[in-house]
Amino acid sequence: MGARVVLSLDGAIVSEVELAKPVTIVGRHPACDIWIDHPAISARHMLFRIEGKTVYVEDLASTNGTKVNGIVSSHQVVHHLDLIEVGKHKLHFFDDSMLSGTVGNLENTVLTEYERTMLVAHAPPAAAPSVAAKGAEDLSRTMAITRDPQVRMGPAQEAVRTDAARGPGMLALRALAGDRKGEIIALEQANTMIGTAGGESALVVKRGERHFLARFSGNEAPRLNRVALAPGSHPIAERDVIEVGAASFEVIVVTR
C-alpha cells in the first residue's frame with residue numbers, strides 16, 4: 001500500500017516521509033529511518049510495520065512512550081489521518097489512496113482530507129487537530145533520512161551505548177545455534193540487534209535495568225521460549241530462550 005507520514009514540531013512541517021519499506025524505524029539514533037534528535041526520543045523509539053494493506057505502530061519500550069490519537073499505545077493499527085506523538089513531535093499518517101495530492105500545509109491538508117473522507121462516509125466532519133503554540137525554546141534538531149537497509153542495519157548486531165550505571169551482574173545472550181554459536185553477546189547497550197542483516201532479526205532494548213525483545217525484520221516472528229512473539233516489546237529475563245530465524249540464544253547473567 002502507499003502510505004506516508006508527515007513529521008511536525010509545534011505545527012510546522014519538518015519533513016514528509018514515504019513508508020516504502022516493510023519496517024520504518026523512528027528514533028534518536030542516526031541509523032533510524034526517521035531521525036529525531038531530541039532528548040525526549042529514545043534511540044529506537046517506535047516503528048511502523050506494513051503487512052499487506054495494514055500499517056501498525058509499535059512502541060519499542062521507549063522511555064516516554066508513544067501515543068496514537070492521544071492514547072498511549074504499544075501496538076496499534078493506524079488509519080488515514082491518525083496522529084502519532086513521540087515526545088514533542090507529531091507524525092501525521094496519510095494513506096496515499098485517500099490523498100488528492102502531496103502535503104503542503106499540515107492544518108489545511110488534515111482538515112480538507114478529513115472532511116472529504118467523512119463526506120464520502122456520510123458522516124459529519126470533525127474539527128482539525130489543534131496546533132500547539134510554538135515554545136520559546138526549541139531543543140530539537142530534526143531531520144528525516146532515507147537509508148539503504150544494508151547500511152542501516154550494518155552487522156547482525158547493531159548497538160548504541162548508554163551511560164546507565166551497571167549492577168554487579170548484567171544480562172547477556174549465549175548463542176546456542178547459528179553463525180555466532182558459542183559467542184556471548186553482552187546486552188550493555190541501549191539497543192542490540194540479533195539475527196541476520198536484511199533477514200530475520202530482532203531487537204533487544206535496554207531501558208534502565210530491564211530488557212525487552214521486539215521483532216525487527218523478516219517474514220517470521222522471533223520466538224520467545226518457543227512461543228511466536230506477539231507485536232510490540234516483551235520483557236526478557238535469565239534462562240529465557242530466544243529464536244530468530246536459524247539462530248537461537250539463551251539469556252544469561254554475567255558478572256562484570
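Our structure is the block above this text.
Below is a short write-up of the structure.

**Some thoughts on unusual backbone geometry**
Even without glycine at this site, Ala-61 takes up a positive phi of about 50°. With respect to the helices and strands, Ala-61 occurs in the loop between β6 (54-59) and β7 (67-68). Given a relative accessible area of 10%, Ala-61 falls into the buried group. Phi at Arg-226 takes a positive value of approximately 75°, unusual for a residue other than glycine. Tracing the backbone shows Arg-226 in the loop between β19 (223-224) and β20 (227-228). Taking relative accessible area as the criterion, Arg-226 reaches 67% and is therefore assigned exposed.

**Notes on the pattern of salt bridges**
According to the stated counting rule, one finds eight salt bridges in the structure shown. As a salt-bridge pair, Arg-180 and Glu-183 come within 2.9 Å of each other at their nearest N and O atoms. Owing to a relative accessible area of 24%, Arg-180 belongs among the partly exposed residues under this scheme. The closest approach of N and O atoms between Glu-243 and Arg-223, which form a salt bridge, is 3.9 Å. Of this pair, Glu-243 sits in strand β22 (residues 241-244) while Arg-223 sits in strand β19, and the two are 20 residues apart along the sequence. For Arg-223, a relative accessible area of 35% gives the class partly exposed.

**Description of the sheet that holds strand β8 (residues 71-72)**
Judged by pairing direction, the sheet is antiparallel, and its six strands sit side by side in the order β2-β1-β11-β10-β7-β8 without closing on themselves. Here the strands that pair on one side only, and so sit at the sheet edges, are β2 (12-18) and β8. As paired strands, strand β10 (residues 83-86) and strand β11 (residues 89-95) are joined by four bridges and run antiparallel to one another. Opposite Ile-84, over in β11, you have Leu-91 as the bridge partner.

**Comments concerning the pairing of strand β18 (residues 210-217)**
Of all eight residues making up β18, seven are buried, and the element is well covered by its neighbours. Of the strand pairs in this sheet, strand β17 (residues 201-207) and β18 are connected by seven bridges, and their pairing is antiparallel. Bridge pairing in β18 links Ser-201 to Ser-217. Note: β18 against strand β21 (residues 233-235), three bridges, orientation antiparallel. Residue Phe-212 lies in a different strand from β21, and its bridge partner there is Pro-235.

**Comments concerning the nonpolar core**
Soluble globular proteins tend to bury their nonpolar side chains together. Core analysis: the biggest nonpolar cluster contains 20 residues, and Val-5, Leu-19, Met-46, Phe-48, Ile-84, Leu-91 and Phe-93 have the highest contact counts within it. Among the secondary structure elements, those contributing two or more residues to this core are β1 (3-9), β4 (34-37), β5 (46-51), β6, β10 and β11. The next biggest cluster of nonpolar side chains, apart from the first, holds 17 residues, and it includes Leu-171, Ala-202, Leu-224 and Ile-236.

**Regarding the side chain of Asp-33**
Looking at the secondary structure, you find Asp-33 in the loop between β3 (23-27) and β4. The exposure class assigned to Asp-33 is buried, which follows from its relative accessible area of 4%. Looking at Asp-33, its side chain comes within polar contact range of the side chain of Lys-21, at 2.5 Å. In terms of polar contacts, Asp-33 uses its side chain to reach the backbone amide nitrogen of Ile-25, at 2.8 Å.

**Topic: the sheet that holds strand β14 (residues 169-177)**
With antiparallel pairing, the six strands of this open sheet are ordered in space as β15-β14-β23-β22-β19-β20. What marks the edges here is a single partner per strand, and that holds for β15 (184-186) and β20. Sheet topology places β19 next to β20; two bridges connect them, and they run antiparallel. When the sheet's bridge partners are listed, Leu-224 is paired in β20 with Val-227.

What counts, and at which threshold
- Residues numbered from 1 in each chain as written.
- Predicted model: local features only at pLDDT ≥ 70, side-chain atom pairs only at ≥ 80, totals over all residues.
- Heavy atoms only, no water.
- Helix = DSSP H or I, 4+ residues; strand = E, 2+ residues; numbered from the N terminus.
- Buried < 20%, exposed > 50% of the residue type's maximum accessible area, 1.4 Å probe, protein only.
- Salt bridge = Lys/Arg side-chain N within 4 Å of Asp/Glu carboxyl O.
- Pairing = 2+ DSSP bridges.
- Core = buried A, V, L, I, M, F, W, Y, C linked by side-chain atoms within 4.5 Å.
- Polar contact = N/O pair within 3.5 Å; in protein donor to acceptor, adjacent residues only side chain to side chain.

All we've got here are geometric facts, nothing functional implied.
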